[in-house]
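Topology and contacts: notes
One letter stands for each residue in the lines below.
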Amino acid sequence: LKMSWFWFYLPLHLLMVACLCHSIKAPTTSSQQSFRTDLFNFYHSRILADGKETTIHLLKDIPKRYYFVLEEGRALAPFTITVTPCDVPIEWSILVHKASASFLGKAAQGDHDTQEVSKSQKAPSMVSIIFNYKGNSVETYMGMSSHSALYMLEFLSTERDTHITVYLTTDTTSGNLYPELPMDPRIDVIGIGHTTVTLTWKNSPSVLQHRENIQYCLLVNEKHNYKSLCAAETAIRSSGMKLPPTLALSLSPYLLEPQQVMILSNSELSIISKASTGEVRQICMGTKNTYTVANLSPSTQYYFDVFVVNLLTNASAAYTGTFARTLEEPEPKVMELKDGKVIQVVLDGKKQKFYSLQYQARHKKIQFTFQLCRGQVQVHITKNGKTVASENISGMRYFSLKGKLLDTYLVQLRSTEESNSSVKLQVSPHFHKPLFPLLPESLKIKSFSKLRTCNSVTIAWLGTQEDNKYCVYKKRIEEDQVWMELRSADRCSGPESRHKSEKVLCKYFYDINLQRAVTTETIKGLDAGTLYLFDVYLFGPSGIPVRYHSKAVKTRKNC
């Protein structure tokens, strides 16, 4: 086939038919026969754009074909094709329909699955397969043609529906779409801690040439490494994680608008996505090539991938991923409990770790007492390694246990909320009088709506069979502050933390008959239409206070 410039002014689909009609021969392979059939069916042909990354969606077991033409005009016409699988392995091939066999080409990346047909192999037909690859790595083919030629790219996914990106260029003088990787694209682990891993990698040549347009982005996950940014985005999306609209790593055209890319700068940007499959962190740190990943879990294996991203073209290149396992967490220090001593423990809600305390029994019967001060706390008690009690506590809770002398008890406490929690506890021989006072059946304060006036309210609370001291405090509060005030209140704190002006009164009372152990109090001198928060503190013989549940009451506005 000798083509003149006249042919290139014809519509491309007519050119395809003209090329085919000139060289119809008996088919030598099924791929070559399929190639000719596709040329006839030019209405369904797809033309691959030159100099642009194209996203192609593949259906399982259905091949998809794209075409491009290399025109005559230069002694040797170079071109490169880069294919990026975004999920499962695919198979793709390059077929050429040309006037002669004088074709030179080579694969930019060697692979054991890559097959190449050398120019010395004389195909009996004008259609020949010049390249074939199967896998999920990013693969680039670089070729050079000495004559005008029509090319077909065939893509096939045999596992499931997927998508890929394809980049074709015949302009090798204006630079590559993708950022360059260094000669050694490995990521080095230079430091490992209990919750940190420090990484470093060699600079991309693109960073040195176009620093303002290039950025490194790091992906951290607990599953495996990813061979491309496209594959990472697909995995995150399929796991059910939501990709924020300004996701730093999601620079593909189908995920971000071009103007959204321009908001990125060289300052660090971190995004954490969570799903049932684990946590994925995405960090963009500008052009820094050393980074310490913090707040990791101890004794956990993590996979790290670094991508160098061109902010102008949205294209990226992947370094060779690595992995590292954080160090095991050291055994927590165990605090010794002493008979009769009351301690208060503050528990970190963010770390959700157990706080451990140990007690060696000096009596056969002992009693653990817990007073919840703030938040929600889980208590777990073992005796000589066997669980004897485990529950979430609220208010005051007693555990009376029997055992042998020198039995070892381990108490573990953990906050069940993300915010900090705190609890007071005491262990003592069962026959000793506990330091905490005997509590009534309920610690609720009741108010009487019908007894409210513009300047007074009446409240009531339960007492016990012991003659204890009760102190009442009031605090003026806004309606939008009630929930936060109740949630943040420290139920273990005593009146010493209150302002003197908030004190209303103190009184003693008890009743042998628990059904009659109730008292009421009318608080006067209040402002009309005002919300007040009332607290009652119970003091036992030891002087340790127990705070009733706060009660919000509003005086009448009109009387």
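First, a word on what this report is: a plain description of the structure on this page. What you see is a predicted model; the values in this text were computed from it and never measured.

Enumeration according to the criterion identifies 20 aromatic pairs in this entry. Pairing Tyr167 with Tyr178 gives two aromatic rings, centres 5.5 Å apart and planes at 85°, and the pair type is edge-to-face. Taken as a pair, Tyr167 in strand β10 (residues 162–169) and Tyr178 in the loop between β10 and β11 (187–192) lie far apart in primary sequence, 11 residues in all. Taken individually, Tyr167 and Tyr178 each receive the classification buried, so the pair is uniform in this respect. A network of ring pairs unites the aromatic residues Phe68, Phe79, Trp92, Phe131, Tyr141, Tyr151 and Phe155 as a single cluster.

Time to look at the state of the cysteines. The tally for this structure, following the rule as stated, stands at five disulfides. Residue Cys217 pairs covalently with Cys284 via a disulfide, S to S 2.0 Å. When the S-S torsion is 100°, as for the bridge of Cys217 with Cys284, the disulfide is right-handed. Taken together, the residues Cys217 in strand β13 (residues 214–221) and Cys284 in strand β15 (residues 278–284) connect sequence positions 67 residues apart. The same class applies to Cys217 as to Cys284, namely buried. Across the chain, the disulfide pattern expressed with sequentially numbered bonded cysteines is 1-3, 2-4, 5-8, 6-10, 7-9.

A few words now on a nonpolar patch on the surface. Taken together, the side chains of Val189, Ile192 and Leu327 define a hydrophobic patch exposed on the protein surface, amounting to about 210 Å² of accessible area. With respect to the secondary-structure elements, Leu327 resides in the loop between β19 (322–325) and β20 (335–336). The class for Leu327 is partly exposed, based on a relative accessible area of 39%.

The next thing to look at is the pairing of strand β34 (residues 531–539). Here β34 lies mainly inside the structure; nine of its nine residues are buried. Burial of β34 is two-sided: the residues Leu531, Leu533, Asp535, Tyr537 and Phe539 facing one way and the residues Tyr532, Phe534, Val536 and Leu538 facing the other way are all buried. Pairing analysis gives eight bridges linking strand β31 (residues 468–476) to β34, with the strands arranged antiparallel. Pairing of Arg476 across the sheet is with Tyr532, part of β34. Of the strand pairs in this sheet, β34 and strand β36 (residues 551–554) are connected by four bridges, and their pairing is antiparallel. Across the sheet, the residue bridging to Leu533 is Ala552, located in β36. Sheet analysis places β34 next to strand β35 (residues 545–547), joined by three bridges and oriented antiparallel. Paired with Tyr537 across the two strands is Arg547, which belongs to β35. Here β34 folds back onto β35 in antiparallel fashion, the turn holding five residues, of which Gly543 has a positive phi close to 90°.

About the cut-offs
Along every chain, residues carry numbers that run from 1 in the direction the sequence is written. Totals for whole chains, interfaces and linings use every residue, but because this is a predicted model, local features are given only for residues with pLDDT of at least 70 and side-chain atom pairs only at 80 or more, for both listing and counting. Here the side-chain values reflect all heavy atoms present in the structure, with hydrogen atoms and water set aside. The rule is short: rings of Phe, Tyr and Trp, with Trp giving its six-membered ring, pair when the centres are within 6.5 Å, and they are stacked under 30 degrees, edge-to-face over 60, tilted in between. For the purposes of this entry, the term helix denotes a DSSP run of H or I that reaches at least four residues, the term strand denotes a run of E that reaches at least two, and both are numbered from the N terminus. Whether a residue is buried, partly exposed or exposed follows from its accessible area with a 1.4 Å probe, protein chains only, as a fraction of its type maximum: under 20%, in between, or over 50%, in that order. Working definition: a disulfide is two cysteine sulfur atoms within 2.5 Å of each other. To count toward a patch, a residue needs a relative accessible area above 30% and no salt bridge. Like charges then connect within 9 Å, nonpolar side chains (Val, Leu, Ile, Met, Phe, Trp, Tyr) within 5 Å. Note on areas: these come from Shrake-Rupley sampling with a 1.4 Å probe, and a residue is covered only by the protein chains present in the view. The salt bridge criterion pairs a side-chain nitrogen of Lys or Arg with a carboxyl oxygen of Asp or Glu, the two atoms within 4 Å. In this description, strands pair whenever DSSP reports at least two bridges between them.

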